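# Structural description and commentary
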Amino acid sequence: MTRRSFLRRGTAATGAVAALAASLSPLKEITDTDSFSMSKFLQKHYKEMDGKDMASALERISKEVEKRYDIRPNIRDIKPMDGVEFVYALNLTRCIGCRKCVHACVAENNQSHSPEIQYIRVLEMPRGSLDIEQGNHHYDRPTVPDEDHFYMPIQCHQCANPPCVKVCPVEATWQEPDGITVIDYDWCIGCRYCEAACPYWARRFNFTRPEIPKDKLNTNMSYLSNRPRQKGVMEKCHFCLHRTREGKMPACLEVCPTGARKFGNILDPKSEVRQILESKRVFVLKQEVGTLPRFFYYFDERDPINLKVPTGTEGDRP
Amino acid sequence: MARNGSKTKPNASAGYFVGAGFGCIAIVLYIMGPSVEIPIEPGIEIDRAEIKPGIWRVAMTDPPMINIGTLNQRCSDCHSLFTTTRDPDRALNQHTEIALEHGANDGCLNCHDKQNREMLALEGGNVVGYNQVELLCAKCHGPIYRDWIKGSHGKTIGYWNTDLGESIKLSCTQCHEPHHPAYRPIVLLPGPNTLRMGDQSTDHGEEIDERNPLMRWRINEDAHSASDSEHGGDD
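Quick summary incoming for the structure in this document. If you're wondering where the values come from, they're calculated on a predicted model, not measured in any experiment. (Residues numbered from 1 in each chain as written. Chains lettered and ligands numbered in written order. Predicted model: local features only at pLDDT ≥ 70, side-chain atom pairs only at ≥ 80, totals over all residues. Heavy atoms only, no water.)

## What about the overall build of chain A?
Formally: Strands are runs of DSSP state E lasting at least two residues, helices are runs of H or I lasting at least four, and both sets are numbered from the N terminus onward. Exposure classes here rest on a 1.4 Å probe applied to the protein chains alone. A residue is buried below 20% of its type maximum, exposed above 50%, and partly exposed in between. Any two residues whose heavy atoms approach within 4.5 Å at even a single point are treated as in contact. Throughout, the Shrake-Rupley method with a 1.4 Å probe supplies accessible areas, and for residues the shown protein chains are the sole cover considered. We count Lys and Arg on the positive side and Asp and Glu on the negative side, and we leave His and both chain ends out. Charge positions are represented by NZ for Lys, CZ for Arg, CG for Asp and CD for Glu.
What chain A contains, in helices and strands, is nine helices and twelve strands. The principal-axis extent of the C-alpha atoms belonging to chain A is close to 105 × 40 × 40 Å. Expressed as a percentage of the 318 residues in chain A, the buried residues total 58%. Of the contacts formed within chain A by residues at least 6 apart in sequence, a portion of 66% connects residues at least 24 apart. On chain A, roughly 13800 Å² of surface is accessible, and the fraction owed to carbon and sulfur atoms is 55%. Taking the average place of the 47 positive charges on the side chains of chain A and the average place of its 42 negative ones, the gap between the two points comes to 7 Å.

## Some points on the sheet that holds strand β11 (residues 282-283) of chain A
Residues and elements named next belong to chain A. How we decide: Note on pairing: DSSP must find at least two bridges between two strands before they are called paired. Note on geometry: axes are lines fitted to C-alpha atoms, helical ones only across the stretch in contact, with angles between N-to-C directions running from 0 to 180 degrees.
Spatial strand order, β10-β2-β12-β11: four strands in an open sheet with mixed pairing. Of all the strands in the sheet, just β10 (261-265) and β11 have a single pairing partner and so form its edges. As judged from the four bridges shared by strand β2 (residues 86-91) and strand β12 (residues 295-298), these two strands associate in the parallel manner. Pairing of Tyr88 across the sheet is with Phe295, part of β12. Contacts from helix α9 (residues 272-279) reach β2, β10, β11 and β12, with the element oriented near 110° to β10.

## Remarks on the environment of Gly15 of chain A
Turning to its location among the elements, Gly15 of chain A is positioned in helix α1 (residues 3-23). For Gly15 of chain A, a relative accessible area of 6% puts it in the buried group. Every residue in contact with Gly15 of chain A, bar those within four places of it in the chain, is listed here: Gly19, Phe22 and Gly23 of chain B.

So this is what it looks like as structure tokens:
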């Protein structure tokens with residue numbers, strides 16, 4: 001090799017290495033808790049994991065949570081119960097739009113505080129219309145309810161024919177036997193096809209690294225529900241499956257001050273939701289798109305807000 | 001370079017430029033690469049007391065107790081000593097904190113039993129304890145009572161699966177203040193800040209906000225269609 005060719009090739013090689021290093025330099029910003037781990041990279045799809053694989057995955061997640069939040073979570077993989085199909089019913093006559101469900105959901109399900117991610121959106125709708133285009137997310141009043149509006153919370157409808165599942169190119173989201181559509185956050189590639197496919201605007205994307213204050217972390221976690229998510233994955237309402245698969249009610253229901261939210265097993269003839277579906281005139285949102293939601297809305301026969309108290313003959317509000 | 005198969009010698013100095021070019025790109029990338037800041041609206045922290053789950057208000061126990069001074073007193077401690085007239089217009093000289101706003105139901109003894117103040121009055125002189133207050137309410141609110149029995153009115157907390165834990169169906173007075181059964185207006189929690197495109201806190205859809213990029217597009221389209229119609233376009 002001549003001195004000239006050595007210098008020529010050497011300069012080119014040095015420049016190329018420097019360019020490669022510079023182009024990879026954004027990786028410096030990845031902090032240690034997001035770091036690449038071989039066990040995560042080699043982790044199987046949720047449905048292909050056996051008990052031992054799941055145990056090691058849960059152990060890895062526990063360590064990651066402990067490292068970032070200084071607290072060891074109670075994380076497990078909860079399987080659906082036999083003979084259970086979850087259904088949600090929401091009484092629009094009673095909902096007053098106080099948004100307590102929104103924030104109870106954030107607290108229960110470890111959604112990002114900054115940037116803000118919320119699963120439930122509450123629309124303020126003009127009375128006499130069900131045109132969602134007229135709904136307003138950003139209503140702000142001293143108190144609610146407003147007499148000229150009604151309030152319509154929307155979250156994942158856990159469709160029986162879910163378009164979000166059909167479009168997922170990697171099968172990172174699927175419908176479980178109890179009707180809950182779940183996401184494997186370790187399998188999601190963040191393409192956001194599901195977000196585009198959902199007619200109910202139920203899916204949320206982590207554009208940046210989600211931030212949760214250390215003292216606000218809910219340590220009662222499960223693999224498919226509220227374990228902390230990472231940047232670049234989708235998330236959505238999962239009917240609080242870490243609670244509901246253990247027999248409890250979802251967090252949004254427990255906090256509702258008016259009892260507008262109803263939840264239960266539709267296959268149980270004695271359940272509240274079954275009785276509501278049998279005795280009330282329920283409807284689903286965007287029935288024409290054929291998604292067969294498991295989330296039903298209903299109104300009471302009489303509208304208490306229009307009954308002026310105490311001038312009416314019967315103070316029946318709400 | 002080896003076009004036509006002829007062995008032309010490459011320009012000997014080209015290699016230096018390749019290296020220098022890569023070096024320049026490296027410097028530019030290094031300076032510009034990681035400095036991109038993604039604007040993130042800080043999240044709104046909610047006080048945990050605002051989202052406390054469970055029972056909305058504390059109902060009367062059975063038998064009912066009332067705190068007078070520092071002592072818990074049974075109703076009959078006082079009411080066994082004197083009688084009450086059924087006169088709705090008479091001002092109360094005790095229980096003055098109660099302002100009865102229950103529609104047409106404006107008399108104490110419509111609900112409270114005259115003889116035994118620790119019971120509630122049903123029709124025909126029958127009485128029922130405070131732990132079965134729904135039977136009293138059902139005297140007037142029949143359809144609501146039916147809905148409450150079936151579960152479409154009211155609130156059930158605890159466990160939906162009674163094999164695994166207790167299901168607690170709240171009674172009427174665990175949500176409604178019986179002397180003012182209508183819910184008072186509630187202070188609402190803050191709305192989302194990530195979806196906000198301009199101030200939409202006022203009525204939606206009447207004014208076009210110029211800060212909103214989609215609305216800017218609509219302004220242009222409106223202006224465009226307006227100029228079209230001026231030129232006689234009637235489609």
